[in-house]
Structure formats: structure tokens, C-alpha cells
Amino acid sequence: TWKRQVKRVMQWLLRFFFACTIGFEIPLRELGQTGTLTRAGMLLPCMAGKLAMGAFHPPPATCEGFWTLAWAWGEWGEYSFLIATVAVRGEIITQQEYDGVLLALLVSVVACPWALRYTLREAVRRAEEVITDAIVETTDGLLDGQLHPAFYCVQTRSHAHFDQQTLLLRALTAAQCR
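A short tour of the structure in this document, coming up. Nothing here was measured: the structure is a model prediction, and the numbers come from that model.

Right, let's get into the side chain of Thr36. Position of Thr36 among the secondary structure elements: in helix 2 (residues 34-43). Its relative accessible area of 4% is what places Thr36 among the buried residues. Apart from the residues lying within four places of it in its own chain, the contact partners of Thr36 are Glu30, Leu31, Asp99, Gly100 and Leu103.

Spelled out as C-alpha cells, the structure:
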């Protein structure tokens, strides 16, 4: 009952709550002004620091893995809206600086999830191509001793500890599962 009924209502209530608490604070008329665009342009390179988190993707590091992690970490988040609102009300930043911060936050909140969705969709597409090719090679008898990717789902139960995924991947590699 929760998944089918209440969860859908809760999602819309959370959106409504977000709009009432933060969304109505966004000054839409000021977002297109030159000063606001300049300030947002100066803040957006800070997103590069968040995108650099993709470098922490566990081995084997791939371009796809890098971008998946980078876009997942890249969004600045709703909490930044609250901090900016408190800062402008406490006169820590000016209204023009606040407008620039909000525009940069909006770009981050919109662009990163879109880019992550695109990256994941492309990863699924490439994986499906590899699986399709492997099926064709296997069914047509074209293997001739060649290796082709096999995909397994490994479910483990253990107490969580630091670097657990890396150790598991090393064990699978040592067992010549690549």
C-alpha cells in the first residue's frame, strides 16, 4: 500500500513543501540581469571542484565511471538555497550576490541530474550492445576461443567497512573474473 498509494502523494507533497519554503524565494525577474549572470558565471567554475569527485571512482577507473560519479556529486543541493537565504537575510551577502548564487544553484540543480541521467542511459545502451554481441557470438558458434564479457550479479552480506568494494573487486580479479 505504501509504494502504490502513499509514496506518490508524498513525492508531490515534498515538491509542494520545497516550492513553499525555497522556490518562492527565487527572484525570477532578477535572474536575467547582467550583474546576476556575471556573478553566476563567476560561481559556476566552482562546480568543477564537485565534478572532480569523479576521480575517486574505484578501480578499474573508466571514463563512464568517472562521469557517473562526477554528475552524481556535482549538484550543489537544496541546502545551499537555505544557506544563501539565511546569508542575504543576515546581510552577509548583498541581494545581487544572492541572485547570482541562486542562478548558479539552479543551473547546478538542473544540469547535473540531466547529465547523470544521460550518462546512465548511455552506459545501459553500451552494455546492451556488448551483451547482444556476446549472444550473437555464442549462438552463431563464432567464439573460436575468444573471450567475451559475461555479466554476473554478486550479492554479498557482511559488516560494512572502509574500502569494502575495492577489496571485493580485487578478490574477483584475483580469481580471474574481469
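One non-glycine residue, Glu91, lies in the positive phi region at around 60°. Looking at Glu91, the relative accessible area reads 71%, which means it is exposed. Phi angles above zero are rare outside glycine, and Asp163 is one such case at about 70°. With respect to the helices and strands, the residue Asp163 is situated in the loop between helix 6 (95-139) and helix 7 (164-174).

Our next topic: the side chain of Asp99. Within the fold, Asp99 resides in helix 6. There is no salt bridge for the buried Asp99, and the closest opposite charge comes from Arg39, which lies 7.7 Å off by N-O distance. Not counting chain neighbours up to four residues away, the residues in contact with Asp99 comprise Pro27, Glu30, Leu31 and Thr36.

On to a nonpolar patch on the surface, then. The grouping of Val130, Ile131, Ile135 and Phe151 at the surface amounts to a nonpolar patch, some 350 Å² of accessible area in total. With respect to the secondary-structure elements, Phe151 resides in the loop between helix 6 and helix 7. Judged by its relative accessible area of 53%, Phe151 is exposed.

Okay, the nonpolar core next. Met47, Trp76, Tyr98, Leu102 and Leu105 are the most contacted members of the largest nonpolar core, which totals 15 residues. Where this core is concerned, the elements lending two or more residues are helix 3 (47-51), helix 5 (79-89) and helix 6.

Counted by the stated rule, this structure contains four salt bridges. Two residues, Arg126 and Glu64, come together in a salt bridge whose shortest N-O distance is 2.7 Å. Of this pair, Arg126 sits in helix 6 while Glu64 sits in helix 4 (residues 63-74), placing them 62 residues apart in sequence. The partly exposed category is assigned to Arg126, whose relative accessible area is 35%. Glu122 serves as the salt-bridge partner of Arg126, at 3.9 Å between the closest nitrogen and oxygen. Residue Arg126 and its partner Glu122 are both found in helix 6; the two are separated by four residues, about one turn of the helix. Among the charged side chains, a network of salt bridges with common partners joins Glu64, Glu122, Arg125, Arg126 and Glu129.

Once that is clear, we can look at the environment of Asp99. Taking relative accessible area as the criterion, Asp99 reaches 3% and is therefore assigned buried. Considering only alpha carbons, one finds Asp99 and Gly35, 64 residues apart in sequence, at a separation of 8.9 Å.

Tallied over the entire structure, the rule returns three aromatic pairs. Consider the rings of Phe66 and Trp67, whose centres lie 5.0 Å apart with planes at 90°: the pair is edge-to-face. When the ring of Trp114 is compared with that of Tyr118, the centres are 6.0 Å apart and the planes differ by 10°; the resulting orientation is stacked. Of this pair, Trp114 and Tyr118 both sit in helix 6, four residues apart, roughly one helical turn. Here a set of aromatic residues connected by ring pairs shows up, and it is made of Phe66, Trp67 and Trp71.

Each value, and the rule that gives it
- Residues numbered from 1 in each chain as written.
- Predicted model: local features only at pLDDT ≥ 70, side-chain atom pairs only at ≥ 80, totals over all residues.
- Heavy atoms only, no water.
- Helix = DSSP H or I, 4+ residues; strand = E, 2+ residues; numbered from the N terminus.
- Buried < 20%, exposed > 50% of the residue type's maximum accessible area, 1.4 Å probe, protein only.
- Contact = heavy atoms within 4.5 Å.
- Lys, Arg positive; Asp, Glu negative; His and termini not counted.
- Salt bridge = Lys/Arg side-chain N within 4 Å of Asp/Glu carboxyl O.
- Patch = residues over 30% accessible without salt bridge, like charges linked within 9 Å, V, L, I, M, F, W, Y side chains within 5 Å.
- Areas by Shrake-Rupley, 256 points an atom, 1.4 Å probe, with all protein chains shown as cover.
- Core = buried A, V, L, I, M, F, W, Y, C linked by side-chain atoms within 4.5 Å.
- Phe/Tyr/Trp six-rings, centres within 6.5 Å; stacked < 30°, edge-to-face > 60°.

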